[in-house]
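Next come the chains, spelled out residue by residue.
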Amino acid sequence: MHPMLNIAIRAARKAGNHIAKNYETPQNVVVTQKGSNDFVTNVDREAEQLIIEIIRKSYPDHTIITEEGGELLGKDDDIQWVIDPLDGTTNFTKRLPHFAVSIAVRIKGRTEVAAVYDPMRNELFTAVRGQGSQLNGYRLRIAEKRDLEGAIVATGFPFKHKQHATPYMNVMSKMFEQCADFRRSGSAALDLCYVAAGRVDAYFEIGLKPWDFLGGELILREAGGIMTDFIGGHNYLASGNLVAGSPRAVRDILTVMKDELSEALKR
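Cut-offs and rules
Residues numbered from 1 in each chain as written. Predicted model: local features only at pLDDT ≥ 70, side-chain atom pairs only at ≥ 80, totals over all residues. Heavy atoms only, no water. Axes fitted to C-alpha atoms, helices over the stretch in contact; angles between N-to-C directions. Helix = DSSP H or I, 4+ residues; strand = E, 2+ residues; numbered from the N terminus. Parallel < 35°, antiparallel > 145°, perpendicular 65-115°, else oblique. Left-handed = near helix turned anticlockwise from the far one by under 90°. Contact = heavy atoms within 4.5 Å. Nonpolar A, V, L, I, M, F, W, Y, C, P; charged D, E, K, R; others polar. Expected span 1.5 Å × (residues − 1). Buried < 20%, exposed > 50% of the residue type's maximum accessible area, 1.4 Å probe, protein only. Polar contact = N/O pair within 3.5 Å; in protein donor to acceptor, adjacent residues only side chain to side chain. UniProt positions renumbered as here; feature names shortened; annotations may be inferred. Core = buried A, V, L, I, M, F, W, Y, C linked by side-chain atoms within 4.5 Å. Domains from an automatic or database assignment.

Colleague: Give a detailed account of the packing of helix 1 (residues 3-23) against helix 2 (residues 42-58), specifying residues and quantitative values.
Modeller: As a packed pair, helix 1 and helix 2 sit with axes 9 Å apart at the nearest point and diverge in direction by 155 degrees. Between helix 1 and helix 2, the angle is such that the two are roughly antiparallel. As helix 1 runs across helix 2, the sense of the crossing is right-handed. Taking contact as the criterion, the partners of I7, R10, A11, K14, A15, H18, I19 and N22 in helix 1 are, on helix 2, V43, E46, A47, L50, I51, I54, I55 and S58. Its residues assigned to classes, the contact of helix 1 with helix 2 comprises 10 nonpolar, 3 polar and 3 charged.

Colleague: Just give me the short version of helix 2, but keep the residues and values in it.
Modeller: In this model helix 2 runs 25 Å from its N-terminal to its C-terminal C-alpha over 17 residues, within 8% of the 24 Å that 1.5 Å per residue would give. Every buried residue belonging to helix 2 is among V43, D44, A47, E48, L50, I51, I52, I54 and I55, and all of these are buried. For helix 2, the N-terminal capping position is held by T41, with its side-chain oxygen 3.1 Å away from the main-chain nitrogen of V43.

Colleague: Mind laying out the UniProt feature "binding site: Mg(2+)" (unreviewed entry) in the protein, listing which residues take part and the relevant values?
Modeller: The residues that UniProt annotates with the feature "binding site: Mg(2+)" (unreviewed entry) are E67, D84, L86, D87 and D212. For the annotated residues, spread through 146 residues, the largest C-alpha to C-alpha distance comes to 9.5 Å, consistent with a single compact locus. Mapped onto the fold, D84 is located in strand 5 (residues 76-87). Setting aside anything within four residues of it in sequence, one finds D84 in contact with E67, A100, V101, S102, W211 and D212. For D84, the side chain forms a polar contact with the main-chain nitrogen of L86, separated by 3.2 Å. Relative to the elements of secondary structure, D212 occurs in helix 6 (residues 210-222). Once you skip the residues sitting within four places of it in the chain, D212 turns out to touch D84, D87, A188 and A189. Engagement of the side chain of D212 in a polar contact is seen with the backbone nitrogen of K209, the distance being 2.8 Å.

Colleague: Provide a residue-level description of the nonpolar core, including the pertinent values.
Modeller: In terms of nonpolar packing, the biggest core is built from 35 residues, with V116, F125, Y203, F213, I219 and M227 touching the most fellow members. For this core, the secondary structure elements donating two or more residues are strand 6 (100-107), strand 7 (110-118), strand 8 (123-128), strand 11 (152-156), helix 5 (188-196), helix 6 and strand 15 (242-245). A total of 8 residues in this core trace back to one element, the largest contributor, which is helix 5. Both of domain 1 (3-139) and domain 2 (152-265) provide at least three residues apiece to this core. M227 has contacts with L192, F213, E217, L220, R221, Y236, L242, V243 and A244, leaving out every residue within four places of it along the chain. A8, I52, I79 and W81 belong to the second largest nonpolar core, which has 33 residues in total.

Structural data, given as structure tokens:
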């Protein structure tokens, strides 16, 4: 096993176990509002700290980028650990058992290692660049949909970016004429892993942050999927606007989107 994957798994499991334990005691969860429709809990921060401590023990010089703590610069900035300690915080606060810990390791700007852990189902999704992706040790291969007809498409409403509501709903309406159905689970990291596992056929969302999707992206790619921005390019790291799935599914979604996007969503 890749040594950094070993540490990522250890950190993800420890954080996930802490989250699961607190899920059973909601009276101990303190919710704070960070911004419009954006919340954080004491459990997010505690889980993040557990992850940082495990990484620092093995790799004290690496840089760590976290959702809650920001960038913790190390002596070696070529290696970055990108962490979302609790992807699906709203689900967690509502006691809806669908959320995950996401950890990605980037070396010189490329994601090389990823671990996404769902503590409620004890499902561990992992990937190492060039070595495939796995779910609890079993190899993942993406479901190859020939087109959107019959496809189940996962998404996330742009609840932090409601200025995009009209083009988003137009895309949804147009896509619904072709696909079978939609899923909206509340965790981008798990949505991408579910595409990799063939549980859904494709996924798109507006305005994500790198820690939301970098772990899931490598797992998706190593399972045979692709990811683009809304015009088929590679600007999703900056824009947070992404489409993921098999090459054919992504092509069909981009075709649906083409005439519905505002100028802001084409960047």
